[in-house]
Amino acid sequence: MSDSPSYGFDTLQIHAGSRPDPATGARQTPIYQTTAYVFRDADHAAALFNLQEVGYIYSRLTNPTVAVLQERIATLEGGVGAVGCSSGHAAQIMALFPLMRPGDNIIASTRLYGGTVTQFSQTIKRFGWSATFVDFDDAAAIEAAADENTKAIFCESICNPGGYVTDLASIATVANKLDVPLIVDNTSATPYLCRPFDHGAHLVVHSTTKYLTGNGTVTGGVVVDSGNFDWTKAGKHPSLIEPEPAYHGLKFHETFGPMAFTFHGIAIGLRDLGMTMSPNTAFQTLLGMETLSLRMERHVENAMKVAAWLEKDPRVDYVTYAGLPSSPYADRVKKHYPKGAGALFTFAVKGGYEACVKLVDNVEIFSHVANLGDTRSLIIHSASTTHRQLTPEQQEAAGAAPNVVRLSIGIEDADDLIKDLDQALAAATS
């Protein structure tokens, strides 16, 4: 099928990028479990290696199963191309790699997954990069944090762990003023609840491990390119506009236009960093995405019920779910996230750290795991696990204080989830 924008989301999540296998007629996308591909002749091989022809060389770079997933996610996000990689963390590095050189920096939201905060505050220093963390409710502070070496702005659409919803349009305005791309981690929202490109973002990353796959079976990531950022405008990203020595002086933007970032991600990023998505991972994610909209509707419905119950419980200090009418972000949800505020949020337990630990030790339906976006409901005490490496100040800023528990609400019966939390809270606060 042609990936026409006139098709609805439910149709595209099943069909985009997918065509019957030309060799066998198989309707489901096959797992192309192969390392390399035979060239037609020497000229064909040379054209592929010179980036003069699109095709398959070696599965570190391109693979037919992964290609279907890339096209499907790009279509759902409204982008021009995507690059699949081995994890969400890999996707973040892949997104920054074409943009950054030693001495460069990014401006990042304080409300990020703890592993992302560690990656940006510690690990990227080894590349000579740095990050400045800012409260993204303060657009003026974002602009004030920028300097001549700022090359990108990074945030999450629906933030992990607290479910805070970002005003992407206001952040995009700042990014455009600074002539740098806005990169949005859209893992928690998925393109069903939010399409960041519609709000002015330029690049999107996902941990496909989470809601896109939805079944907790494989680890993967993807970088999606909107094709709407003019890399030549301010000259801040030489890797995309200057001659590339490894390809005899080829200029990515001049040669590939709106697809420059995507081709760079494959031809340079995957070639040299090797953070490749496996075909089996792509296959499992494609299967999961066929029910994405159905699952997200149930996730949101259940999250609203559970959050509303928790908000009224005297054993709970507060609930951060942005979908609640009492949330300070309720108007932002109506404007930017009309299909719902996702299914990820936190709540504070009276009794603090110790009560939180007892709570997670006493749940029965909820699974105590370091993951989110599964069909199963998940629970974790972020301060002692996913955000443990952070300072107390960073934990507070990220929404992972010691008295807070994070929930990822699944698609089970919501009444059963409430009963489970009720008995676990009784054990934790008795």
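About the cut-offs
- Residues numbered from 1 in each chain as written.
- Predicted model: local features only at pLDDT ≥ 70, side-chain atom pairs only at ≥ 80, totals over all residues.
- Heavy atoms only, no water.
- Helix = DSSP H or I, 4+ residues; strand = E, 2+ residues; numbered from the N terminus.
- Rg over C-alpha atoms; globule rule 2.2 N^0.38 Å.
- Buried < 20%, exposed > 50% of the residue type's maximum accessible area, 1.4 Å probe, protein only.
- Areas by Shrake-Rupley, 256 points an atom, 1.4 Å probe, with all protein chains shown as cover.
- Lys, Arg positive; Asp, Glu negative; His and termini not counted.
- Charge placed at Lys NZ, Arg CZ, Asp CG, Glu CD.
- Phe/Tyr/Trp six-rings, centres within 6.5 Å; stacked < 30°, edge-to-face > 60°.
- Pairing = 2+ DSSP bridges.
- Salt bridge = Lys/Arg side-chain N within 4 Å of Asp/Glu carboxyl O.
- Core = buried A, V, L, I, M, F, W, Y, C linked by side-chain atoms within 4.5 Å.
- Domains from an automatic or database assignment.
- Contact = heavy atoms within 4.5 Å.
- Buried area = accessible area lost by both parts, 1.4 Å probe.
- Axes fitted to C-alpha atoms, helices over the stretch in contact; angles between N-to-C directions.
- Left-handed = near helix turned anticlockwise from the far one by under 90°.
- Nonpolar A, V, L, I, M, F, W, Y, C, P; charged D, E, K, R; others polar.

**Student:** What exactly am I supposed to notice about the overall build of the protein here?
**Tutor:** Across its full length, the protein carries 17 helices and 12 strands. Taking 2.2 N^0.38 as the reference for a compact globule, 430 residues should give roughly 22 Å; the C-alpha atoms of the protein span a radius of gyration of 22 Å, in line with that estimate. Along the first, second and third principal axes, the C-alpha atoms of the protein reach 75 × 55 × 35 Å. Across the 430 residues of the protein, 57% fall into the buried class. Summed over all atoms, the accessible surface of the protein reaches about 16,900 Å², with 52% contributed by carbon and sulfur. Positive and negative charge centroids in the protein, built from 32 and 45 side chains respectively, lie 0 Å apart.

**Student:** I tried to follow the packing of aromatic side chains on my own but got confused; where do I start?
**Tutor:** Describing an aromatic ring pair means giving the distance of the ring centres and the angle of the ring planes. For the coordinates displayed, the defined rule picks out 12 aromatic pairs. With 4.9 Å between their ring centres and 90 degrees between their planes, F120 and F154 make a pair best called edge-to-face. Here the residue F120 occupies a position in helix α5 (residues 114–121), and F154 occupies one in strand β4 (residues 150–156), the gap between them amounting to 34 residues. Judged by its relative accessible area of 1%, F120 falls in the buried class.

**Student:** What exactly am I supposed to notice about the pairing of strand β9 (residues 344–349) here?
**Tutor:** Consecutive residues of a regular strand have side chains that alternate between opposite faces of the sheet. Burial runs high along β9: six of the six residues are buried. Burial of β9 is two-sided: the residues L344, T346 and A348 facing one way and the residues F345, F347 and V349 facing the other way are all buried. Across three bridges, strand β8 (residues 316–319) lies against β9 in antiparallel orientation. Across the sheet, V319 pairs through a bridge with F347, a residue of β9. As paired elements, β9 and strand β12 (residues 404–408) share five bridges and run antiparallel to each other. Of the residues in β12, the one forming a bridge with F345 is L407.

**Student:** What is the right way to look at the pattern of salt bridges in this model?
**Tutor:** Pairs may arise between side chains of opposite charge once their charged atoms sit close together. Tallied over the full model, the rule gives 15 salt bridges. E71 is the salt-bridge partner of R19, the closest N and O atoms lying 3.2 Å from each other. Within this pair, whereas R19 is found in the loop between α1 (9–15) and α2 (42–49), its partner E71 is found in helix α3 (residues 64–77), the two being separated by 52 residues in sequence. When its relative accessible area of 41% is taken as the criterion, R19 is described as partly exposed. Using a relative accessible area of 28% as the deciding quantity, one classes E71 as partly exposed. The partner of D135 in a salt bridge is R111, and the shortest N-O contact between them spans 2.9 Å.

**Student:** Can you help me understand the nonpolar core in this one?
**Tutor:** Soluble globular proteins tend to pack their nonpolar side chains together in the buried interior. Counting residues in hydrophobic clusters, the biggest one holds 82 residues, and the most contacted among them are I153, L310, F345, F347 and L407. When residues in this core are grouped by element, the largest group, seven residues, is from helix α13 (residues 292–312). Lining this core are residues from two domains, each supplying at least three of them: domain 1 (11–288) and domain 2 (294–429). In this structure, A90, F120, V205 and V223 belong to the second largest nonpolar core, which totals 32 residues.

**Student:** Help me understand the domain arrangement of the protein in this model?
**Tutor:** Often, the extent of an interface is quoted as the loss of accessible area upon association of its parts. Per the domain assignment, the segments making up the protein are domain 1 (11–288) and domain 2 (294–429). Domain 1 and domain 2 are separated by 29 Å when their C-alpha centres are compared. The interface of domain 1 with domain 2 comprises 38 residues on the first partner and 38 residues on the second. Between domain 1 and domain 2 the total buried area reaches about 3,100 Å² when both faces are included, carbon and sulfur atoms providing 56% of it. Summed over the shared surface of domain 1 and domain 2, the result is one salt bridge.

**Student:** How should the sheet that holds strand β2 (residues 105–109) be read in this particular structure?
**Tutor:** The strands making up a sheet are joined through hydrogen bonds of the backbone, oriented either antiparallel or parallel. Taken in spatial order, the seven strands line up as β1-β7-β6-β5-β4-β2-β3 in an open sheet, and their pairing is mixed. Edge positions in the open sheet fall to β1 (81–85) and β3 (130–134), since each of these has one partner strand only. Direction aside, the axes of adjacent strands within the sheet are offset by 20 degrees on average. Where β4 lies against strand β5 (residues 182–185), four bridges are found, and the strand directions are parallel.

**Student:** Teacher, can you tell me more about the side chain of T62 here?
**Tutor:** By the element assignment, T62 lies in the loop between α2 and α3. A relative accessible area of 18% means that T62 is categorised as buried. Contacts of T62, omitting those with residues within four sequence positions, involve Y37, G55, Y56, I57 and I266.

**Student:** I tried to follow the packing of α13 against helix α17 (residues 414–429) on my own but got confused; where do I start?
**Tutor:** For any two helices packed against each other, the geometry comes down to the angle between their axes and how far apart the axes lie. At a minimum axis separation of 9 Å, α13 and α17 run at an interaxial angle of 35 degrees. Considering the relative orientation of α13 and α17, their crossing is right-handed. Together, N302, K305, V306, W309 and L310 of α13 and A414, L417, I418, L421, D422 and L425 of α17 make up the contact between the two elements. Residue classes in the contact of α13 with α17 are distributed as eight nonpolar, one polar and two charged.

**Student:** Just checking my understanding: could you explain the sheet that holds strand β11 (residues 378–380) for this structure?
**Tutor:** Read across the open sheet, the five strands follow the order β8-β9-β12-β11-β10; overall the sheet is mixed. Edge positions in the sheet fall to β8 and β10 (367–368), since each has one partner strand and no second. Running over the sheet, helix α15 (residues 352–362) touches β9, β10, β11 and β12 and is turned about 125 degrees from β9.

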